[in-house]
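Okay, here's what each chain looks like letter by letter:
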Amino acid sequence: MGIDDVLAVARAGVNRLEPLEVMAALAAGRALLVDTRTESQRREQGELPGALVIDRTVLEWRLDPACPWRIPEATDYDLHVVVACRHGFSSSLAAASLRAVGLHRATDMIGGVEAWRAAGLPMGEGPADVRR
């Protein structure tokens, strides 16, 4: 199985969100946006407003409600997590991994931050909310 197959499996049956849908879910308080881009990608593209920045290497530990290393926002397995990356590929794999640990509503943003910017949506001002 190649990466295209793995990606197809990760996305199968998942309601992935367009950038405008993500913005609406954030505004309504219905989702937690998690940015997994590297620091250099965020410096180049800008920060996503309202996003928590969590390094991909610790994502599952920070969002699993049963984990002692979780962030305060990781309250239960019904949490609607939307993962964002640069182009919308690694975020699909990250969301699948979150679903595997029980966060059944985890999804990702179609097209990533590139699509957010292409849609003319605002980028964040000020420092990112980085969770280590």
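Not measured: the values here are computed from a predicted model.

Before going further, it helps to spend a moment on the packing of helix 1 (residues 3-11) against helix 5 (residues 90-100). In helix packing, the relevant descriptors are the interaxial angle and the interaxial distance, both defined with respect to the helix axes. Close contact between helix 1 and helix 5 brings their axes to 9 Å; oriented N to C, the two are set at 50°. Judged by the inter-axis angle, helix 1 sits oblique to helix 5. In the crossing of helix 1 with helix 5, the sense of the turn from one axis to the other is left-handed. Across from Ile3, Val6, Leu7, Ala10 and Arg11 in helix 1, the residues of helix 5 making contact are Ser92, Leu93, Ala96 and Arg99. Taken together, the residues of the contact of helix 1 with helix 5 break down into six nonpolar, one polar and two charged.

So, about the pattern of salt bridges. Overall, the coordinates contain nine salt bridges when judged by the stated rule. A salt bridge links arginine 16 to aspartate 108; its shortest N-O distance comes to 2.8 Å. Residue arginine 16 is located in the loop between helix 1 and helix 2 (19-27), and its partner aspartate 108 is located in strand 4 (residues 107-108); the two are separated by 92 residues in the primary sequence. Here arginine 16 and aspartate 108 have matching classes, each one buried. Note that aspartate 78 and arginine 105 form a salt bridge whose closest N and O atoms lie 3.8 Å from each other. Of this pair, aspartate 78 sits in the loop between helix 4 (59-63) and strand 3 (81-84) while arginine 105 sits in the loop between helix 5 and strand 4; the two residues are 27 residues apart in sequence, bridging distant segments of the chain.

Moving on, we get to a nonpolar patch on the surface. A surface patch of nonpolar side chains, about 440 Å² in accessible area, is lined by Met1, Ile3, Val6 and Val9. Along the chain, isoleucine 3 falls in helix 1.

The rules behind these values
- Residues numbered from 1 in each chain as written.
- Predicted model: local features only at pLDDT ≥ 70, side-chain atom pairs only at ≥ 80, totals over all residues.
- Heavy atoms only, no water.
- Axes fitted to C-alpha atoms, helices over the stretch in contact; angles between N-to-C directions.
- Helix = DSSP H or I, 4+ residues; strand = E, 2+ residues; numbered from the N terminus.
- Parallel < 35°, antiparallel > 145°, perpendicular 65-115°, else oblique.
- Left-handed = near helix turned anticlockwise from the far one by under 90°.
- Contact = heavy atoms within 4.5 Å.
- Nonpolar A, V, L, I, M, F, W, Y, C, P; charged D, E, K, R; others polar.
- Salt bridge = Lys/Arg side-chain N within 4 Å of Asp/Glu carboxyl O.
- Buried < 20%, exposed > 50% of the residue type's maximum accessible area, 1.4 Å probe, protein only.
- Patch = residues over 30% accessible without salt bridge, like charges linked within 9 Å, V, L, I, M, F, W, Y side chains within 5 Å.
- Areas by Shrake-Rupley, 256 points an atom, 1.4 Å probe, with all protein chains shown as cover.

These results come straight from atomic positions and should not be treated as a statement about function.
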